[in-house]
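Report on the structure
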Amino acid sequence: GAGVSQSPSNKVTEKGKDVELRCDPISGHTALYWYRQSLGQGLEFLIYFQGNSAPDKSGLPSDRFSAERTGGSVSTLTIQRTQQEDSAVYLCASSLAGADTQYFGPGTRLTVL
Amino acid sequence: GENVEQHPSTLSVQEGDSAVIKCTYSDSASNYFPWYKQELGKGPQLIIDIRSNVGEKKDQRIAVTLNKTAKHFSLHITETQPEDSAVYFCAAVDQTGANNLFFGTGTRLTVIP
C-alpha cells in the first residue's frame, strides 16, 4: 500500500518568508510525527499528534514553528519568518497507534537563502 | 530526557565482512529500540527493532542485541553487500510515554566491493 508522502520534496525560500510543508500519513494511522534532520545530524523530534488528543509540541524550537492535523489525517507544518538555521530536511512519520512502529516519508528539503 | 549516543560515525568494510554499530542510551525507561537505514535523498526505513523484553533478534543477515543493564544495543550486519551502504540510525523510546523517538547521530556505512 501507499506509504507516507510529503510535499514539496524541495523548497527554496528567502529569509523572512513563511513556508508550509505537507504530510500525508499512511491511511488508518492515528499517530503522526514531525522530525527535523539538519546536515550531518540525527533526527530531532518536533511535534506529535495522536488521534484527537492535544498534540505534544515539546520539540518545537521556537514559536515560529506550528503544525496542524486536519481530520485526523493530513498534517501541515508551518514555519513563519524563516531563518537560515531552519534549513534542513523535515521528515514526517506515522504509526498505527501511539506505541507502534513509525514509518517515515521521503522528507522535504528546505533551503532558506 | 533520553540521550542516545552512536558509534562509529563512519565505518568502511570489505564486501562479505561484518559490520557492527553500537548505541548507548540514558533513560532506563526506554523499552523500544528501532534501527533505521537511510539512503541518499530518502527517508529512514525501518530495518529491525527490538523490545526490552528480548535480548537478541535476528532477521537474515541483520541482528540486534540489547543489554538493558548496561543500556546499550548493537546492530550486526553479516556478509555485507554494496547495497548495504547507507547511513544507519539507532533510536530509543519509552513507549509508555509520548513515543517520540530519540535518535543517535548516525553511522555512514560504506561497503567496498
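This report concerns the structure included in the present document.

1. Concerning the overall build of chain B
Each helix and strand counted, chain B has zero helices and 11 strands in total. Along the chain direction, N to C, the helices and strands of chain B fall in the order β-β-β-β-β-β-β-β-β-β-β. On C-alpha atoms alone, chain B measures out to a radius of gyration of 14 Å, which is about the 13 Å that the 2.2 N^0.38 rule sets for 113 residues. Its C-alpha atoms give chain B principal-axis dimensions of roughly 40 × 30 × 20 Å.

2. A short note on unusual backbone geometry
Note the cis peptide between serine 7 of chain A and proline 8 of chain A, where omega equals -10 degrees. For proline 8 of chain A, the position within the fold is in the loop between strand 1 (5-7) and strand 2 (10-13). At glutamine 60 of chain B, a position not held by glycine, the phi torsion is positive, near 60 degrees. Assignment of secondary structure puts glutamine 60 of chain B in the loop between strand 6 (56-59) and strand 7 (62-67). Notably, lysine 71 of chain B is not glycine yet its phi reads approximately 55 degrees, a positive angle. With respect to the helices, strands and loops of the structure, lysine 71 of chain B is situated in the loop between strand 7 and strand 8 (72-77).

3. Quick word on the interface of chain B and chain A
Counting residues at the interface gives 19 residues for chain B, matched by 20 residues for chain A. Between chain B and chain A the total buried area reaches about 1,400 Å² when both faces are included, carbon and sulfur atoms providing 52% of it. Connecting chain B to chain A are zero salt bridges. Seen at the junction of chain B and chain A, the total is four residue pairs in polar contact (both at pLDDT 80 or more). Of all elements in the fold, only strand 4 (32-38) and strand 5 (45-51) of chain B reach the threshold of two or more residues within the side of chain B that touches chain A.

4. Considerations on the sheet that holds strand 6 (residues 65-69) of chain A
Residues and elements named next belong to chain A. Judged by pairing direction, the sheet is antiparallel, and its four strands sit side by side in the order 1-3-7-6 without closing on themselves. Because the sheet does not close on itself, it has two edges, and the strands there are strand 1 and strand 6. Sheet twist, expressed as the average angle between the axes of neighbouring strands with direction ignored, equals 15 degrees.

5. Details of the pattern of salt bridges
Here the structure, examined in full by the defined rule, presents eight salt bridges over all chains. The partner of arginine 22 of chain A in a salt bridge is aspartate 24 of chain A, and the shortest N-O contact between them spans 2.8 Å. The exposure class assigned to arginine 22 of chain A is partly exposed, which follows from its relative accessible area of 38%. Residue classification places aspartate 24 of chain A among the partly exposed positions, given a relative accessible area of 22%. For lysine 57 of chain B, the salt bridge identified is with aspartate 49 of chain B, shortest N-O distance 2.9 Å. The class of aspartate 49 of chain B is buried, set by a relative accessible area of 13%. Through salt bridges with shared partners, a single ionic network connects Lys37, Glu39 and Lys42 of chain B.

Rules of the game
Numbering of residues starts from 1 in every chain and runs along the sequence as written. Key to labels: chains lettered from A, ligands numbered from 1, both in the order written. Two thresholds apply to this predicted model, a pLDDT of at least 70 for residue-level local features and 80 or more for giving and counting side-chain atom pairs, whereas whole-chain, interface and lining totals are computed over all residues. Side-chain numbers here rest on the full set of heavy atoms in the structure, without hydrogens or water. Helix and strand definitions here come from DSSP, where helices need a minimum of 4 consecutive H or I residues and strands a minimum of 2 consecutive E residues; each element is numbered from the N-terminal end. Each radius of gyration is computed over the set of C-alpha atoms, and the globule rule expresses the reference value as 2.2 Å times the number of residues to the power 0.38. Here a residue-residue contact requires only that any non-hydrogen atoms of the pair lie within 4.5 Å. Buried surface area refers to the total accessible area, computed with a probe of radius 1.4 Å, that the two partners give up upon joining, counted for both partners together. Salt bridges are identified by distance alone: a Lys or Arg side-chain nitrogen within 4 Å of an Asp or Glu carboxyl oxygen. What qualifies as a polar contact is a pair of N or O atoms within 3.5 Å, subject to a donor-acceptor requirement within protein and to the restriction that residues adjacent in sequence count only when both atoms come from side chains. Being paired, for any two strands, means DSSP has found at least two bridges between them. All axes are obtained by fitting lines to C-alpha atoms, using only the stretch in contact for helices, and the reported angles, taken between N-to-C directions, cover 0 to 180 degrees. With a 1.4 Å probe rolled over the protein chains alone, any residue whose accessible area is under 20% of its type maximum counts as buried; one over 50% counts as exposed, and the rest are partly exposed.

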